Amino acid sequence: MAVELSKKIEIARWLIDPDHPSHEATDGEARQQISPNDLALLEKRLKEAGLFKVYEEIELPLVEILEEMHKIGIKVNLEYLAELSSELEKEISALVKKIYKLSGKEFNINSPKQLSEILFKDLKIETSGILTRKTGAFATDYETLLKLKDRHPIVEFILNYREVFKIKSTYVDPLRELADKPTFAEASAGKNGRVHTTFVQTGTGTGRLSSNNPNLQNIPILSEWGKKVRKAFVAETGFSLAAFDYSQIELRVLATVSGDPKMTKAFNNDLDIHKITASNIYNVPLEKVTSEMRSAAKTLNFGVIYGMGPDAFARATGFNRAEAQKFIQEYFSDFIYVKRWQEKTIQKAKEVGYVENLNGRRRLLPNINWPNRRFAAEAERIATNMPIQGLAADIIKLAMTCVDRMIKKNKWQNKVRMLLTIHDELIFEIKEDTLKDSMMLIQSEMENAYKLAVPLKVDKASGKNWSEL
DNA sequence: ACAATGGTCC
DNA sequence: ACTCGGACCATTGTA
């Protein structure tokens, strides 16, 4: 089955300028109908920009795979979700009562404005060190409330309320609402309690996919309530769910693009990268690395990918600014190739006005040369992040195509179903009798989907529901 | 409708 | 005062 012309055009436009909103199809609005001739023009531009391989070998093969994933959907346990919803409802009303009692009046807890009034005016909680918002109200976000925990007993209940309300309103209830409601009619396969997310292929600046209606790429995992949400995603009778995630794919990409010998060596020896980093920046032998040291190193590793500055690193770790600065300096003296690669990448971006990853996927950076340092710095962070995030995205997209091909080669279409892609992770629904064999092959396809300077490592797990993965 | 605030994920 | 990349979505409150 061939890819729709309009889809090709959408993808082509997006590849040329991924941040430009115009590639998305709009309905009623006065939007020029694009003639078939324009695709030829767009494809010519793709070739000129070195984007044609990404277009043809990564994006186009993915179109039908994503359509299939949308049609199949993932099964949710609706009875369980209904119970969970009423359990949450009870929890919410209990918390509401306590909060009203402690505040002495009824108000809308969901309103940051009203909440701020209650906390800092009515209850007269000390405001020292509390940020104020644009609107003038004091902040009431999680970080802030944590600071207030010792100042008033109500805070604990607010925190609990926030969590429970979030779970119910953002996940549990929408999932119930969206079950059996695919976006396209032809995807409907009757009432079987499946949720049909849409993976948007042209929705990000870096090349990643996004997911909406519902977004299944941000289902909770950390909290206990979050795990209960994950339990709602189940395999059909006779099937299991199986998850495969790339281990440290972005840092492996960073090791590759920077050519950093220390980082490369760490991955080639399959060592714990955060521990290695900690050992380097703290100048202690591996055996002397504590969990706190590893944790700080982990933050720093991610920070480097995101272009994090000293302030953000300090805030994330609790170090003061000077200490944070010292650690960052130490990091770059240890991983000097990483520093050099970042500088080179920014330099190049300033010259040509865009960045590109190893496959030629690009992102335009119109403000990287702006005099406004705020904007320029933001563009610089994007410049050093996109080649990493964007290559990781390419890899998983290629892996999806490889796995799809493998499934067809084995005639497993009815036994192995690709359901979800969550940036560095793929989730399948697999018939029991094929579980073991197919899991080995999927893992292998993913690990061999792309050649980096270091191995790609994929961890796998299976279970009857998502929380077991 | 849209901005502001807040929260969940990788 | 503020510098952490990429997404989606719920709710409130104002226009």
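Residues numbered from 1 in each chain as written. Chains lettered and ligands numbered in written order. Predicted model: local features only at pLDDT ≥ 70, side-chain atom pairs only at ≥ 80, totals over all residues. Heavy atoms only, no water.

## Describing the sheet that holds strand β10 (residues 425-431)
- Spatial ordering of the open sheet is given by β9-β10-β6-β11, a layout of four strands whose pairing is antiparallel. Only two strands of the sheet have a single partner each, and these edge strands are β9 (416-421) and β11 (458-463). Across the sheet, the mean angle separating the axes of adjacent strands is 25 degrees when strand polarity is ignored.
- Where strand β6 (residues 239-246) meets β10, seven bridges bridge the pair, whose relative direction is antiparallel. (Pairing = 2+ DSSP bridges. Helix = DSSP H or I, 4+ residues; strand = E, 2+ residues; numbered from the N terminus. Axes fitted to C-alpha atoms, helices over the stretch in contact; angles between N-to-C directions.)

## Let's talk about the confidence of the model for chain A
- On average, residues of chain A score 94 in pLDDT, and 96% of them are at 70 or above.
- Across residues 27-31, where pLDDT falls below 50, the model places five contacts with residues more than four positions away in sequence or in other chains. (pLDDT = per-residue confidence, 0-100. Contact = heavy atoms within 4.5 Å.)

## Digging into the protein's contact with DNA strand C
- As a structural note, the neighbourhood of DNA strand C is formed by 29 residues, with Asn108, Ser111, Asn213, Ala312 and Arg381 the closest of them.
- Counting only the atoms of DNA strand C within 4 Å of the protein, the fraction contributed by sugar and phosphate is 76%.
- Contacts to DNA strand C include tyrosine 306, whose backbone N or O atom sits 3.4 Å from a sugar or linking oxygen.
- Contacts to DNA strand C include glutamine 389, whose side-chain N or O atom sits 3.2 Å from a sugar or linking oxygen.
- Elements that contribute at least two residues to the surface near DNA strand C include exactly α5 (112-122), α7 (154-178), β4 (210-212), α13 (310-317) and α16 (373-409).
- Per-element tally for the surface near DNA strand C: the top contributor is α16, with four residues. (Near = heavy atom within 4 Å. Polar contact = N/O pair within 3.5 Å; in protein donor to acceptor, adjacent residues only side chain to side chain.)

## Thoughts on the domain arrangement of chain A
- According to the domain assignment, chain A consists of domain 1 (78-178) and domain 2 (251-390).
- Placing a centre on the C-alpha atoms of domain 1 and another on those of domain 2 gives a separation of 36 Å. (Domains from an automatic or database assignment.)

## Here's the deal with the packing of helix α9 (residues 249-258) against α16
- Look at α9 against α16: their axes get within 9 Å of each other, and the N-to-C directions meet at 115 degrees. Taken together, the axis directions place α9 and α16 in an arrangement best described as roughly perpendicular. The handedness of the crossing between α9 and α16 is right-handed. Between α9, through Ile249, Glu250, Val253, Leu254 and Val257, and α16, the contact on the second element is made entirely by Pro387, Ile388, Gln389, Leu391, Ala392 and Ile395.
- Residues that form the contact of α9 with α16 fall into these classes: nine nonpolar, one polar and one charged. (Parallel < 35°, antiparallel > 145°, perpendicular 65-115°, else oblique. Left-handed = near helix turned anticlockwise from the far one by under 90°. Nonpolar A, V, L, I, M, F, W, Y, C, P; charged D, E, K, R; others polar.)

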